[in-house]
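# Observations on the model geometry
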Amino acid sequence: MTSKSVQQGEFYELEVDSDLKQSPAYNDDLAPTKVHERTWNKWNITALWVGMAICVPTYTLGGVLTAYFGLSVMEALFTILVANIVLLFPLTLNAYPGTKFGIPFPVLLRSSFGIVGSNIPCLIRGLVACGWFGIQTMFGGLAIHLFLSAVSSSWASLGGVGEVIGFFIFWSLNMYVVIRGAESIKWLETLSAPLLLIVSIGLMVWAGGKVSFTEILATPASRPEDASFWSYFFGGLTAMVGFWATLSLNIPDFSRYAKSQKDQVLGQIIGLPITMFFFAALGVVLTAASSTLVGETISDPISLIGKIDSPFWVAIAMVLIIIATLSTNTAANVVSPTNDFQNIAPKYINHTRGALLTGFVGIALMSWELLKKMGWLESDVSVESMYSNWLLGYSSLLGPIAGIMIVDYFLIKRQHLDLVALYTPNSLYPAFNSAGLIAFAVPVVITLIALNVSALGWFYSYGWFTGAFTGAIVYFIIAKAQLSTVSQTSAVSP
């Protein structure tokens with residue numbers, strides 16, 4: 001038998017022989033999904049987005065935009081809605097090849113960056129996910145600590161040590177869910193999504209009796225009175241696009257399980273923009289209500305709930321936050337690096353090892369925060385203070401990758417990929433695709449220059465957009481030139 005791809009309806013399925021199984025670029029976990037494995041309908045994908053969007057960082061987005069980007073509350077919520085509508089374009093477009101060919105994000109990158117070169121964008125995406133994994137695990141660990149403190153006074157006396165133990169308990173829960181595979185994540189997201197929506201709506205109704213929505217929405221902007229709205233808006237828009245710029249790349253990791261292109265498109269349209277807008281609005285409302293509830297303004301829901309003088313309600317609330325954070329973390333921050341790390345050495349790193357490697361890198365990235373909680377390290381650095389720069393910084397790296405991927409699949413490859421060649425070194429796809437690497441390097445170099453040249457500061461401030469368009473244009477020009485050279489060479493060959 002010879003390995004080949006077989007079309008079944010709108011899908012392609014790979015028939016694997018023993019030779020391909022021995023390829024250093026292949027393992028069973030990175031292999032295309034079989035048609036019978038594509039069981040996610042539009043509601044499963046909607047639930048995936050609801051489960052990922054309802055989390056502590058989303059809750060704080062309104063505060064980030066008003067405090068760091070000088071927007072009013074109305075402007076901040078409008079910016080969040082627009083950003084997530086914008087994100088639907090790269091999300092649905094990059095999901096297409098995942099659904100059609102059943103391939104994960106790292107394998108799709110082999111088309112535009114090369115079999116080996118794909119590891120460069122993979123590791124960038126993977127390390128960003130590990131950073132988010134550490135941040136979300138800190139939130140989940142704190143929720144576990146507050147839950148146990150509410151039911152046990154002896155646990156409450158542990159203080160920072162209890163938070164660290166909670167971190168590792170939550171870490172273990174994440175590893176368990178992801179190692180069990182895609183069906184485990186599908187089950188978790190489908191179960192948690194309606195529960196989280198019901199609780200969120202209940203909180204919004206409850207908070208409505210504590211504060212005036214009219215007064216909250218009328219909160220003025222903190223920017224200078226004579227400053228233009230648009231520069232602040234686009235800076236905030238870039239940061240908000242950066243929030244899910246990660247998933248706009250590795251969405252094939254999930255769309256490969258979709259029943260159809262219609263399911264993945266509708267699921268994302270239904271699940272993402274409204275959920276993000278609503279939960280960010282809830283964060284703004286509850287932050288405003290916090291002064292009435294506990295006598296001070298608190299933008300972190302875990303800290304806010306922890307101050308409520310009712311162990312029973314604190315315990316219930318923390319269970320819900322644990323579920324919300326777990327549903328976000330497993331899908332958004334562990335699946336991608338698990339696949340990305342496998343791509344480095346598929347024969348040595350399988351799904352389980354990739355997940356564990358993700359977990360250990362996440363611990364390493366948050367080690368400074370864990371040491372602070374143990375009282376072993378003094379530092380003024382915190383997750384909150386780096387939040388806005390973190391979003392802007394990595395969006396400048398991820399934007400070019402998104403632009404390159406879309407141009408490669410739709411304009412250069414015209415939605416045709418050779419499945420066998422994607423897993424076979426020294427065949428159709430080179431080890432390093434110079435078009436992809438140069439197209440990525442150009443906007444990154446310009447961004448580095450922009451950080452030191454004030455006249456180019458806009459290139460960094462709007463990094464996802466400038467990077468995506470620059471990367472896309474440069475890639476299109478070079479890839480077209482490569483195709484022209486190949487065509488001329490073929491024409492003169494005997």
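None of these values were measured; they are calculated from a predicted model.

The subject of this paragraph is helix α9 (residues 182-208). Given a rise of 1.5 Å per residue, 27 residues ought to cover 39 Å, and the 38 Å separating the end C-alpha atoms of α9 matches this to within 8%. Considering bend angle alone, the principal kink of α9 is centred on Ser 192 and spans about 30 degrees; proline Pro 194 follows within four residues of it. If you check which residues of α9 are buried, you get Ser 184, Ile 185, Lys 186, Leu 188, Glu 189, Ser 192, Ala 193, Leu 196, Ser 200, Met 204 and Ala 207. Its buried side turned inward, α9 meets α2 (42-53), α8 (160-179), α10 (213-217), α14 (273-294) and α16 (311-344).

Our next topic: the packing of helix α6 (residues 119-151) against helix α11 (residues 229-250). When two helices pack together, their arrangement is given by the angle between the helix axes and by the axis-to-axis distance. It is at 11 Å that the axes of α6 and α11 come closest, and there the two elements cross at 135 degrees. Between α6 and α11, the crossing angle belongs to the class labelled oblique. Along this stretch, α6 crosses α11, giving a crossing that reads as left-handed. Contact residues: Arg 125, Val 128 and Trp 132 in α6; Phe 243, Thr 246, Leu 247, Leu 249 and Asn 250 in α11.

Estimates place the volume of the largest pocket at around 610 Å³. Val 199, Leu 203, Ile 305, Ala 317 and Leu 320 are, among the 25 residues lining the largest pocket, the residues nearest its centre. Counting only elements with at least two residues in the lining of the largest pocket, the list comes to α3 (56-68), α9, α14, α15 (301-306) and α16. Top element by residues in the lining of the largest pocket is α16. It accounts for seven residues.

Turning our attention to the pairing of strand β2 (residues 11-15). Counting buried positions over the five residues of β2 gives four, a clear majority of the element. Where strand β1 (residues 4-8) lies against β2, five bridges are found, and the strand directions are antiparallel. Of the residues in β2, the one forming a bridge with Lys 4 is Glu 15. In this structure, the hairpin formed by β1 and β2 is closed by a connection of two residues, where Gly 9 is found at a positive phi of approximately 65 degrees.

What follows covers a nonpolar patch on the surface. A contiguous nonpolar surface patch, about 340 Å² in accessible area, is contributed by Leu 158, Val 161, Ile 165, Ile 169 and Leu 173. Here Leu 173 falls in the partly exposed class, since its relative accessible area comes to 35%.

A word on the side chain of Thr 338. Mapped onto the elements of the fold, Thr 338 is located in helix α16. Assessed through its relative accessible area of 0%, Thr 338 is described here as buried. The residues contacting Thr 338, other than those within four sequence positions of it, are Val 178, His 351, Gly 354, Ala 355 and Thr 358.

Where α2 contacts α16, the two axes come as close as 7 Å, and the packing angle between them is 115 degrees. By the angle between their directions, the pair α2 and α16 is classed as roughly perpendicular. In the crossing of α2 with α16, the sense of the turn from one axis to the other is left-handed. Contact residues: α2 offers Leu 48, Gly 51 and Met 52, while α16 offers Ala 324, Ser 327, Thr 328, Ala 331 and Ala 332. Per-class residue counts for the contact of α2 with α16 are five nonpolar, three polar and no charged.

This part is about empty space enclosed by the protein. Taken as a whole and assessed by the stated rule, the structure comprises two cavities of 30 Å³ or more. Residue lining of the largest cavity: Cys 55, Pro 57, Trp 132, Gln 136, Phe 243, Trp 244, Thr 246, Leu 247, Thr 328, Ala 332 and Asn 333, and that is the complete set. Looking at the lining of the largest cavity, the elements with two or more residues in it are α6, α11 and α16. No other element matches the four residues that α11 contributes to the lining of the largest cavity. Of the residues belonging to the lining of the largest cavity, the class tally is seven nonpolar, four polar and no charged. Here the second largest cavity defines a volume of roughly 40 Å³. Every residue along the wall of the second largest cavity is listed here: Trp 40, Ile 45, Leu 48, Ile 251, Phe 254, Ser 255, Gln 264 and Gln 268. Those elements that provide at least two residues to the lining of the second largest cavity are α2, α12 (252-255) and α13 (261-271). Taken together, the residues of the lining of the second largest cavity sort by class into five nonpolar, three polar and no charged.

In this section: unusual backbone geometry. Of note, Gln 415 is a non-glycine position whose phi angle comes to about 65 degrees, a positive value. One non-glycine residue, Asn 426, adopts positive backbone phi at about 60 degrees. Within the element layout of this structure, Asn 426 appears in the loop between α20 (419-422) and α21 (434-450).

With respect to the secondary-structure elements, Leu 196 resides in helix α9. Leu 196 sits in the buried class, given a relative accessible area of 4%. Separated by 128 residues in the primary sequence, Leu 196 and Ala 324 have C-alpha atoms spaced 6.9 Å apart. Residue contacts for Leu 196: discarding those within four places in its chain leaves Gly 51, Ile 54, Leu 320, Ala 324 and Ser 327.

What counts, and where the lines are drawn
Residues numbered from 1 in each chain as written. Predicted model: local features only at pLDDT ≥ 70, side-chain atom pairs only at ≥ 80, totals over all residues. Heavy atoms only, no water. Helix = DSSP H or I, 4+ residues; strand = E, 2+ residues; numbered from the N terminus. Expected span 1.5 Å × (residues − 1). Bend = angle between axes of the 7 residues up to and from the residue. Buried < 20%, exposed > 50% of the residue type's maximum accessible area, 1.4 Å probe, protein only. Contact = heavy atoms within 4.5 Å. Axes fitted to C-alpha atoms, helices over the stretch in contact; angles between N-to-C directions. Parallel < 35°, antiparallel > 145°, perpendicular 65-115°, else oblique. Left-handed = near helix turned anticlockwise from the far one by under 90°. 1 Å grid on protein atoms, 1.4 Å probe; cavity = no way out; pocket = protein on both sides within 12 Å on 5 of 7 lines; lining within 4 Å. Points joined across faces, edges and corners; volume = space filled by probe spheres on them. Pairing = 2+ DSSP bridges. Patch = residues over 30% accessible without salt bridge, like charges linked within 9 Å, V, L, I, M, F, W, Y side chains within 5 Å. Areas by Shrake-Rupley, 256 points an atom, 1.4 Å probe, with all protein chains shown as cover. Salt bridge = Lys/Arg side-chain N within 4 Å of Asp/Glu carboxyl O. Nonpolar A, V, L, I, M, F, W, Y, C, P; charged D, E, K, R; others polar.

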